[in-house]
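# Results of the structural survey
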Amino acid sequence: MATPWIPRMHLWEIDDQPWFPSFLRAYVQTGLTHAWTVHIPLLQSSSPATVVADVLRRVLGASVSRHTYIDFCAGAGGPTPFIERALNSQLVRSTAHRVPATASSGVVDGESKAASAETPSYAAVADPATKATIVCDEEDVAVDFVLTDLHPHVESWEAASKKSDRLTYVSLPVDAANAPADLLRRYARKEDEDGGSKKGIFRLFNLAFHHFDDDLARAILKNTVETSDGFGIFELQDRSPSGLLTCFVFGFFIFLIAPLLYWWSPIRLFFVYVVPVVPFVLVFDGLISCLRTRTAEEVETLLRTCGADSDGWEIQSGREQFLWPCGNLSWIVCSKKAT
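A brief look at the structure comes next. None of these values were measured; they are calculated from a predicted model.

## A short note on the side chain of aspartate 238
Topologically, aspartate 238 is positioned in the loop between β9 (230-235) and α9 (241-262). Judged by relative accessible area, which is 9%, aspartate 238 ranks as buried. At 3.0 Å, the side chain of aspartate 238 forms a polar contact with the side chain of arginine 319. Among the polar contacts listed, one links the side chain of aspartate 238 to the side chain of serine 330, at a separation of 3.4 Å. Every residue in contact with aspartate 238, bar those within four places of it in the chain, is listed here: Gly243, Cys290, Thr293, Arg319 and Ser330.

## Considering the pairing of strand β8 (residues 200-206)
Here β8 lies mainly inside the structure; 7 of its 7 residues are buried. Neither face of β8 is exposed, since Gly200, Phe202, Leu204 and Asn206 on one face and Ile201, Arg203 and Phe205 on the opposite face are all buried. Bridge analysis of strand β1 (residues 67-71) against β8 gives 5 bridges, and the strand direction is parallel. Counted as the bridge partner of histidine 67 is glycine 200 from β8. Direction of pairing for β8 relative to β9: parallel, over a ladder of 5 bridges. Its bridge partner lying in β9, phenylalanine 202 is registered against glycine 230. Remark: the β8/helix α8 (residues 214-227)/β9 crossover connection has right-handed handedness.

## Focus: a nonpolar patch on the surface
A surface patch of nonpolar side chains, about 510 Å² in accessible area, is lined by Phe255, Ile267, Phe270, Tyr273, Val274 and Val275. In terms of residue count, the dominant contributor to the nonpolar patch is helix α10 (residues 266-274) (4 residues). Following the sequence through the fold, phenylalanine 270 ends up in helix α10. Taking relative accessible area as the criterion, phenylalanine 270 reaches 34% and is therefore assigned partly exposed.

## Remarks on the packing of helix α1 (residues 22-37) against α10
At a minimum axis distance of 11 Å, the contact between α1 and α10 shows a crossing angle of 80°. On the basis of their axis angle, the class for α1 and α10 is roughly perpendicular. For the pair formed by α1 and α10, the contact residues are Phe23, Leu24, Tyr27 and Thr30 on the first element and Ile267, Arg268 and Phe271 on the second. Looking at the contact of α1 with α10 residue by residue, the classes come out as 5 nonpolar, 1 polar and 1 charged.

About the criteria used
Residues numbered from 1 in each chain as written. Predicted model: local features only at pLDDT ≥ 70, side-chain atom pairs only at ≥ 80, totals over all residues. Heavy atoms only, no water. Helix = DSSP H or I, 4+ residues; strand = E, 2+ residues; numbered from the N terminus. Buried < 20%, exposed > 50% of the residue type's maximum accessible area, 1.4 Å probe, protein only. Polar contact = N/O pair within 3.5 Å; in protein donor to acceptor, adjacent residues only side chain to side chain. Contact = heavy atoms within 4.5 Å. Pairing = 2+ DSSP bridges. Right-handed = clockwise from strand over helix to strand, strands pointing away. Patch = residues over 30% accessible without salt bridge, like charges linked within 9 Å, V, L, I, M, F, W, Y side chains within 5 Å. Areas by Shrake-Rupley, 256 points an atom, 1.4 Å probe, with all protein chains shown as cover. Salt bridge = Lys/Arg side-chain N within 4 Å of Asp/Glu carboxyl O. Axes fitted to C-alpha atoms, helices over the stretch in contact; angles between N-to-C directions. Parallel < 35°, antiparallel > 145°, perpendicular 65-115°, else oblique. Nonpolar A, V, L, I, M, F, W, Y, C, P; charged D, E, K, R; others polar.

This is the structure we're talking about:
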């Protein structure tokens, strides 16, 4: 990725300020959630939340199913419930396959494979009524996601968790710089207690890491290296001209599609069109977020100077277009090197 032409500046955002009314903050956060989840045909091949699921599956490869994914800055829920559904849907589709049953060998997806203990006998194969065996069912491959935050949004998380058995939340405050050891042990051990293999902890920071100053970012990375197996940073913006332009495009789309999203709430439409606080804050904070967003190299510098042993950790990064012609999702995925 090219070096940004603008240096990083840790400025303040309106939505972070204690004087900003809480009901307006809720409207702004809802707008950000829609930025992650809305799919506009022709302009988007998929929503940004789906893009995150694609990146996790592609970058982590076979290890993607060996983690429990904990969002440490979930806010009101944000994109994580949608990432969970997208990723688990992809995992189930990609791993479920039918195996013709044989006694000593079989053919899986056109390739010769040695038989397993579960492989039926030749007699079973000879019986036309015998059905093919599904090797991987949903319980084998689906992964768990957990919502946490320093300021829990229990009501919103409860509603989201009711829509998926693979999404849970922690109702108590969780500090990403000092994650409770019992919480991490609980979710790493969950699969082991259920009879499966032990899962590693993978931390998610969706549109969140740019909010931390350098000292807090180092503290969070130190705690991550000491207690987790990987982390992912996903941002809808960066310090590039296209990133800045995307903020204005987003503001335009809010005016365009607000009636479709908020037709049921006249008060929300009032603060979009009559007194346009919501689009103003979304655009202003978006521009500031661009200036605060770190490159992969800057994150790696913080990682290597956080005070923990990060020698065995590997960083990968990239950009994925989520909105034509200028919207790009910036991602950083860091995990322990395979041994």
